[in-house]
Amino acid sequence: MRISVIGCGYLGAVHAACMAELGHDVVGLDVDETKVALLAQGRPSFHEPGFPELLARHVGTGRLRFTTDPTDIRDAEIHFIGVGTPQLQGRLGADMTYVRQAVATIVEHAAPPAEGRPVLVAGKSTVPVGTAEEIAEALASSGKNLMLAWNPEFLREGYAVADTLHPDRLVYGLPEDLDRGAVAKELLDECYAQPLAAGTPLVVANYPTAELVKVAANSFLATKISFINAMAELCDATGGDVTRLAEAIGYDDRIGSKFLQAGIGFGGGCLPKDIRAFMARAGELGVDEALTFLREVDAINLRRRDHAVTLAEEAVGGRLAGKKVAVLGITFKPDTDDLRDSPALDIAGRLWSRGAELAVVDPAAGDLLRRRQPELNVHDSIEDAIRDAHVVMVLTQWKEFVELDPAALVALPATPNVVDGRNVLDPRRWSDAGWRYFGMGRGVSVW
C-alpha cells in the first residue's frame, strides 16, 4: 500500500519504518528540517534498539522516504497521524495543536486514488476521548472522500520495533456507519495483513472506545506502579521488604508480577501526561469523580522522587551542599535516550539545587545531557563518575548498572554509600562488599 505518516518523532518514525518492513511504500512528513534530513540519510534522531538497522535498510531500498513537503503525501491510501500530544503548559490537559495541524495538512493535500476508494486517515496519537468524532466531522466536511479510523499505538520504549511488527493486539475504532466502517476495516486489514495472519488479536470498536483504550491502559499501569510504591512507604515505616512483598502478591494470577517493582516511580513521555490529560478530560465531561484516584496515583509517584533525595541526604549525614553525588542513569527507563519527565533527571535537578556536586553517567543520553544541562557534569565511564563520590545513586536500571561488581568499586568513592533507586541491586552483596545500602522500601534481612 501507499502510506503516509504525519509526524516523524518517536512514534511516527518507528511506525513509518515498520510499515516499510511490512512491505508498504511509506513517506514520513514532518516540519522539522533537521530531523527529516537525518532520517532521510537513514540516521535516527533518537535511541531505540533495532530501529537504526530498520531505518537504514528501507531508506536504502527507497521504500521509505522522509520529507518536509506536504505535496509528497498526495497519493497515499492511508494517512497515519503520529504527532505528539504534550501536556499543556501549566495545565493538565493535552495540547492538540499538532493533531489539528496534521488533519489540516491531510485535508489540503490528500487526493483519493484513481479507482475512487476512500482515503483513510488513521489516528495513532493519544488524544482526549471525543477527538476522533471532531476529526471525522472535519474530514466529512472537506469535500474530499476522506474517512477516519482510530488505531491507537501501544509502543514501549526500548521495544518499539517489536511492538509494532508483532503487537499483542490491534484496535480499530471505526465509523458507526456500517458500510463506511467495513471499508475502513478492509483498508486497515490490508495494511496489517502480516501481523493479522500471524494471529494478532483484533478488537473492533467505535471511536470513543478506541480512544479510551490507550489512556485506560496507561492509567492502570500507573496505578499498579504507584500501588507498590505506596506499599514501599509502608515497608519503610515497618521494616518490611517491598521486593518480597511484590513477589508474594505477584504469584496471584489476578494481580501478576509485572509493574510491581517499587522505586523512584514512572516517567517518560506517556504515562505522566496521559493520566493528567485523562483527569482533565473527565472534568470536562462532568465525570471527574470517576478518576479522582489518579490524583493520588500521581502524588505517590512524585513523592518517590522526594524520598530518593531524602535517602541521599541521610547517606551523607543530612546536608548535600558540597557533597559529590554520582548519578547512574538519567533517562526515564533503560534502552532509550528519552529524558521527558524522567524521574532520574528530576532527582538530579533537586540534588543540584541543594548544592550537591553531580557526576552523571548514562549509556545513551550523555551527549544530549551535555548540551541541555552542562551543570550536571556528565562522565563517559562509571568509574570516573563514582570516584571520590560521597553517595552513588542508581536511578535507571541499565544493564551496565544492575551488573556492577560492588567489591571492584568499593575503593573508588570517598564514602561507599549506594542508593538503589530502582531496587535492582542485591543489598546483601553490596553490604558484604563494604557499602552502606539504601533501598526504596527494602528492609535488609537474612531472608
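These remarks concern the structure in this document. (Residues numbered from 1 in each chain as written. Predicted model: local features only at pLDDT ≥ 70, side-chain atom pairs only at ≥ 80, totals over all residues. Heavy atoms only, no water.)

Details of the sheet that holds strand β11 (residues 391-394)
Backbone hydrogen bonds are what pair the strands of a sheet, in a parallel or an antiparallel way.
Inference 1: Strand order in the open sheet formed by five strands is β10-β9-β11-β12-β13, with parallel pairing between adjacent strands. Whereas interior strands pair on both sides, the edge strands pair on one side only; in this sheet they are β10 (357-361) and β13 (436-438). Along the sheet, successive strands turn relative to each other by an average axial angle of 20°, direction set aside.
Inference 2: Here β11 runs beside strand β12 (residues 417-420); their pairing, made up of three bridges, is parallel. The residue of β12 that forms the bridge with Val392 is Val418. (Pairing = 2+ DSSP bridges. Helix = DSSP H or I, 4+ residues; strand = E, 2+ residues; numbered from the N terminus. Axes fitted to C-alpha atoms, helices over the stretch in contact; angles between N-to-C directions.)

As for empty space enclosed by the protein
Inference 1: Following the criterion strictly, the structure yields one cavity of 30 Å³ or more and no others.
Inference 2: Quantified by volume, the largest cavity comes out at close to 90 Å³.
Inference 3: Lining the largest cavity we find Thr85, Ala94, Thr126, Val127, Pro128, Val129, Val215, Lys273, Asp274, Ala277, Phe278 and Arg281.
Inference 4: Sorting elements by how many residues they give to the lining of the largest cavity places helix α11 (residues 271-284) first, with five residues.
Inference 5: Here the residues of the lining of the largest cavity are counted per class, giving seven nonpolar, two polar and three charged. (1 Å grid on protein atoms, 1.4 Å probe; cavity = no way out; pocket = protein on both sides within 12 Å on 5 of 7 lines; lining within 4 Å. Points joined across faces, edges and corners; volume = space filled by probe spheres on them. Nonpolar A, V, L, I, M, F, W, Y, C, P; charged D, E, K, R; others polar.)

Focus: the layout of surface pockets
Inference 1: Approximately 350 Å³ is the volume attributed to the second largest pocket.
Inference 2: Contributing to the lining of the second largest pocket are 20 residues, with Met96, Arg100, Pro128, Thr131 and Glu134 lying nearest its centre.
Inference 3: Those elements that provide at least two residues to the lining of the second largest pocket are α4 (97-109), α5 (131-140) and α11.
Inference 4: The residue inventory of the lining of the second largest pocket, partitioned by class, reads 12 nonpolar, three polar and five charged.

Focus on the packing of aromatic side chains
Any pair of aromatic rings gets described here by the distance separating the centres and the angle formed by the planes.
Inference 1: Applying the stated criterion to the full structure yields four aromatic pairs.
Inference 2: Taking the centre distance of 5.2 Å and the plane angle of 55° together, the rings of Tyr10 and Phe46 count as tilted. Placement of the pair is Tyr10 in helix α1 (residues 10-21) and Phe46 in the loop between α2 (33-40) and α3 (51-61), with a sequence separation of 36 residues.
Inference 3: Ring centres of Phe46 and Phe51 lie 5.1 Å apart, and the angle between their planes is 10°; this geometry places the pair in the stacked category. Taken as a pair, Phe46 and Phe51 share a single burial class, namely buried.
Inference 4: Pairwise contacts between aromatic rings join Tyr10, Phe46 and Phe51 into one cluster.
Inference 5: Positioned above the aromatic ring of Tyr159, the side-chain terminus of Arg156 is 4.5 Å from the ring centre.
Inference 6: In this structure, Arg169 packs its charged tip against the face of Phe154, placed 3.6 Å from the ring centre. (Phe/Tyr/Trp six-rings, centres within 6.5 Å; stacked < 30°, edge-to-face > 60°. Buried < 20%, exposed > 50% of the residue type's maximum accessible area, 1.4 Å probe, protein only. Lys NZ or Arg CZ within 6 Å of the ring centre and 35° of its normal.)

Comments concerning the side chain of Arg422
Inference 1: Residue position: Arg422 is located in the loop between β12 and α18 (427-432).
Inference 2: Buried Arg422, no salt bridge; nearest opposite-charge side chain is Asp420, N-O distance 7.9 Å.
Inference 3: A polar contact of 3.0 Å, which involves the side chain of Arg422, links it to the backbone oxygen of Gly265.
Inference 4: If we ignore the near neighbours within four places in the chain, the residues touching Arg422 are Gln261, Ala262, Gly263, Ile264, Gly265, Phe332, Pro343, Val394, Leu395, Thr396 and Gln397. (Lys, Arg positive; Asp, Glu negative; His and termini not counted. Salt bridge = Lys/Arg side-chain N within 4 Å of Asp/Glu carboxyl O. Polar contact = N/O pair within 3.5 Å; in protein donor to acceptor, adjacent residues only side chain to side chain. Contact = heavy atoms within 4.5 Å.)

Remarks on the pairing of strand β6 (residues 146-150)
Inference 1: Within β6, five of the five residues are buried, which leaves the element mostly enclosed by the surrounding structure.
Inference 2: Taking every second residue as pointing to the same face, both faces of β6 are buried, with Leu146, Leu148 and Trp150 on one and Met147 and Ala149 on the other.
Inference 3: Bridging between strand β5 (residues 119-123) and β6 involves five bridges; their strand directions are parallel. When the sheet's bridge partners are listed, Gly123 is paired in β6 with Trp150.
Inference 4: What joins β5 to β6 is α5, and the crossover it makes is right-handed. (Right-handed = clockwise from strand over helix to strand, strands pointing away.)

Some points on the nonpolar core
Inference 1: If you look at the biggest cluster of nonpolar residues, it comprises 42 residues, and the most contacted ones within it are Ile3, Phe51, Leu64, Phe66, Ile78 and Phe80.
Inference 2: If you tally residues by element for this core, the top one is α1, at nine residues.
Inference 3: Beyond its immediate chain neighbours, meaning those up to four positions away, Phe80 contacts Ile3, Ser4, Val5, Ile6, His15, Met19, Ala122, Lys124, Asn151, Cys191 and Tyr192.
Inference 4: Grouped together as the second largest cluster of nonpolar side chains are 30 residues, Val309, Val325, Leu345 and Leu358 included. (Core = buried A, V, L, I, M, F, W, Y, C linked by side-chain atoms within 4.5 Å.)

Brief notes about the pattern of salt bridges
Inference 1: All told, the structure shown has 31 salt bridges when counted by the stated rule.
Inference 2: With a shortest N-O distance of 3.9 Å, Glu77 and Arg2 are connected by a salt bridge. Taken together, the residues Glu77 in the loop between β3 (64-67) and β4 (78-81) and Arg2 in strand β1 (residues 2-6) connect sequence positions 75 residues apart.
Inference 3: For Glu77, a relative accessible area of 8% puts it in the buried group.
Inference 4: The partly exposed category is assigned to Arg2, whose relative accessible area is 35%.
Inference 5: Taking the shortest distance from any N to any O, the salt bridge between Arg281 and Glu284 comes out at 2.9 Å. Highlighted residues: Arg281 and Glu284, both in helix α11, separated by three residues, approximately one helical turn.
Inference 6: Overall, Glu284 belongs to the exposed group, its relative accessible area being 57%.
Inference 7: Bridged by salt links that share partners, the residues Arg276, Asp298, Arg305, Asp306, Asp341, Asp346 and Arg350 form one connected network.

Focus: the environment of Asp25
Inference 1: Here Asp25 lies in strand β2 (residues 25-29).
Inference 2: Note: C-alpha distance between Asp25 and Ala76 (51 residues apart in sequence) is 8.8 Å.

In short, geometric facts, not functional conclusions.
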